[in-house]
Amino acid sequence: QLAESGGGLMQAGGSLRLSCAASGRTFSSYSVGWFRQGLGKEREFVATISWNAYRTYYVDSVKGRFTISRDNAKNTVYLQMNSLKPEDTAVYYCAIDLSNRASTAAYDYRYWGQGTQVTVSS
């Protein structure tokens with residue numbers, strides 16, 4: 001199972017760093033992605049990173065503001081979020097990409113965490 005942490009309440013323009021840690025399994029050989037789901041909205045792809053960190057992909061709305069990274073020695077993936085906007089408010093989830101293609105499709109992902117709430121006030 002994966003566990004997300006680092007969420008919280010932040011003013012617009014601020015920064016947060018989310019962490020995704022694995023317990024009971026390693027994901028060092030797999031792509032890992034971040035998704036988010038706002039209240040009343042569909043779950044949305046945010047970012048993904050290949051197992052070796054050579055490839056990263058982002059949804060257009062976060063490009064230039066968010067950075068995904070990983071530390072395989074710590075079995076942890078991070079999402080650095082800068083210049084936060086109220087529209088970034090959502091529950092953020094991480095999951096393992098079993099296709100291992102750094103997919104942007106949620107159906108390729110398994111072992112979702114419980115999520116961490118990010119709230120950005122204007």
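Structure first, text after, so check above.
Basis of the calculations
Residue numbering note: each chain is counted from 1, following its sequence as written. Residue-level local features of this predicted model are given only where pLDDT is at least 70; pairs of side-chain atoms are given and counted only at 80 or more, and the full residue set underlies all totals for whole chains, interfaces and linings. Hydrogens are left out, water is left out, and the side-chain values use all remaining heavy atoms of the structure. The pairing criterion for strands is at least two bridges between them, as found by DSSP. Where helices and strands are cited, they refer to DSSP runs of H or I of at least four residues and of E of at least two residues respectively, numbered from the N terminus. Think of each axis as a best-fit line through the C-alpha atoms, taken over the contacting stretch in the case of a helix, with angles from 0 to 180 degrees between the N-to-C directions. Residues enter a patch when their relative accessible area is above 30% and they make no salt bridge; the linking distance is 9 Å between like charges and 5 Å between nonpolar side chains (Val, Leu, Ile, Met, Phe, Trp, Tyr). In these tables, accessible area is a Shrake-Rupley quantity obtained with a 1.4 Å probe, and a residue counts as shielded only by the protein chains included in the view. Any carboxyl oxygen of Asp or Glu within 4 Å of a side-chain nitrogen of Lys or Arg constitutes a salt bridge here. Each residue is placed in one exposure class: buried if its accessible area under a 1.4 Å probe, protein chains only, is under 20% of its type's maximum, exposed if it is over 50%, and partly exposed if it falls in between. Two cysteine sulfurs form a disulfide in these notes if their separation is within 2.5 Å.

(A) Seen up close, the sheet that holds strand S1 (residues 2–5). Taken in spatial order, the 4 strands of this open sheet run S1-S3-S8-S7, and their pairing is antiparallel. In this open sheet, the two edge strands, each paired with only one partner strand, are S1 and strand S7 (66–71). Taking each pair of neighbouring strands and ignoring which way they run, the sheet shows an average axis angle of 15 degrees.

(B) Spotlight on a nonpolar patch on the surface. Taken together, the side chains of Tyr30, Leu98 and Tyr111 make up a nonpolar region of the molecular surface, amounting to roughly 250 Å² of accessible area. Within the element layout of this structure, leucine 98 appears in the loop between strand S9 (90–97) and strand S10 (109–110). Leucine 98 sits in the partly exposed class, given a relative accessible area of 40%.

(C) Here's a closer look at the pattern of salt bridges. Following the criterion strictly, the structure yields 5 salt bridges and no others. Note that glutamate 44 and arginine 36 form a salt bridge whose closest N and O atoms lie 2.7 Å from each other. The class of glutamate 44 is partly exposed, set by a relative accessible area of 30%. Among the residues examined, arginine 36 registers a relative accessible area of 6% and is labelled buried.

(D) Molecular detail of the state of the cysteines. Counted by the stated rule, this structure contains 1 disulfide. Across a sulfur-sulfur distance of 2.1 Å, cysteine 20 and cysteine 94 are joined as a disulfide pair. The sign of the 80 degrees torsion about the S-S bond sets the cysteine 20-cysteine 94 disulfide as right-handed. Separated by 74 residues along the polypeptide, cysteine 20 in strand S3 (residues 16–22) and cysteine 94 in strand S9 bring together distant segments of the chain.

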